[in-house]
Amino acid sequence: MSSSDRGNLWLPLLGALALLAGWLAFKGFQAPTDLREELVEQRPRYHLEDARWRRYDDTGAPIFVLAAANIDYFDDASMQLDSVRFDTYAEAGRWQLEADRGHVPAGETRLKLQPLVDVHGARAPDGSIDLQTPSLWVDWTERTLKTDDPVEARTAAGSTLEATGMRGDWTGRHVEFLDAVRVRHVLRD
């Protein structure tokens, strides 16, 4: 092996060492990640057990009552809830919503219930309706219920409905089923 062949062997090795040295130097310029900061951000600021949250309007009338087995409140004003029951209040009617979990996104005035939401709507004198859907958004500022997921509904009279998506107001007076709506009416004698 000649001296020029040995020099050609060292060239790739020196190049690889230079790349490794450059990578190590660049890595040193990155800000260190403090694992404690990440853990603190993920932990709730407050943890409530067997919680009941009531909200009132300007006149002192109740808007809603939320009950949860646990509520975790985070620094960004988001919340995680377990075993949720949400009752709306309005003069013309009300909704009772139940789900295993709920989530309030950071800084928002709406709650996403999931994975299976049971909804009972009571309106006088029209009767009641029961709904089920995989998820449901409840906005307490707009006083609306919304989902884009499949919905199954049953009326007190025995009729059934299947749809994809639903929008409803707080009172239950205006409920709109959005797409692929199928209704089965029960005929009375």
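The text that follows walks through the structure, step by step, so that each part is easy to find. Note that the coordinates shown come from a computational prediction; the quantities given were computed from them, not determined experimentally.

What counts and how
- Residues numbered from 1 in each chain as written.
- Predicted model: local features only at pLDDT ≥ 70, side-chain atom pairs only at ≥ 80, totals over all residues.
- Heavy atoms only, no water.
- Core = buried A, V, L, I, M, F, W, Y, C linked by side-chain atoms within 4.5 Å.
- Buried < 20%, exposed > 50% of the residue type's maximum accessible area, 1.4 Å probe, protein only.
- Helix = DSSP H or I, 4+ residues; strand = E, 2+ residues; numbered from the N terminus.
- Contact = heavy atoms within 4.5 Å.
- Pairing = 2+ DSSP bridges.

Considerations on the nonpolar core
- Membership of the largest hydrophobic core comes to 30 residues, with the highest contact counts inside it found for Leu66, Leu81 and Leu97.
- Contributing elements (two or more residues each) for this core: strand E2 (62-73), strand E3 (79-88), strand E4 (93-104), strand E5 (110-114), strand E6 (117-123), strand E8 (136-139), strand E9 (144-155) and strand E10 (160-169).
- Top element by residues in this core is E2. It accounts for five residues.
- Contact partners of leucine 97, with chain neighbours within four places excluded, come to Val84, Arg85, Phe86, Leu113, Asp118, Val119, Leu136, Val138 and Leu145.

Thoughts on the pairing of E9
- Both strand E7 (residues 127-133) and E9 contribute to a ladder of four bridges, which runs antiparallel. Note that in E9 the partner of aspartate 130 across the bridge is arginine 154.
- By the bridge criterion, three bridges tie E8 to E9 in an arrangement that is antiparallel. Across the sheet, the residue bridging to tryptophan 137 is lysine 146, located in E9.
- Adjacent in sequence and paired antiparallel, E8 and E9 are bridged by four residues, among which arginine 143 carries a positive phi angle near 55 degrees.
- Relative to E10, E9 is paired through nine bridges, and the arrangement is antiparallel. Bridge pairing links threonine 144 to aspartate 169 in E10.
- The loop that links E9 with its antiparallel partner E10 comprises four residues; one of these, glycine 158, has a positive phi angle of about 100 degrees.

Don't take any of this as a statement about function, it's just geometry.
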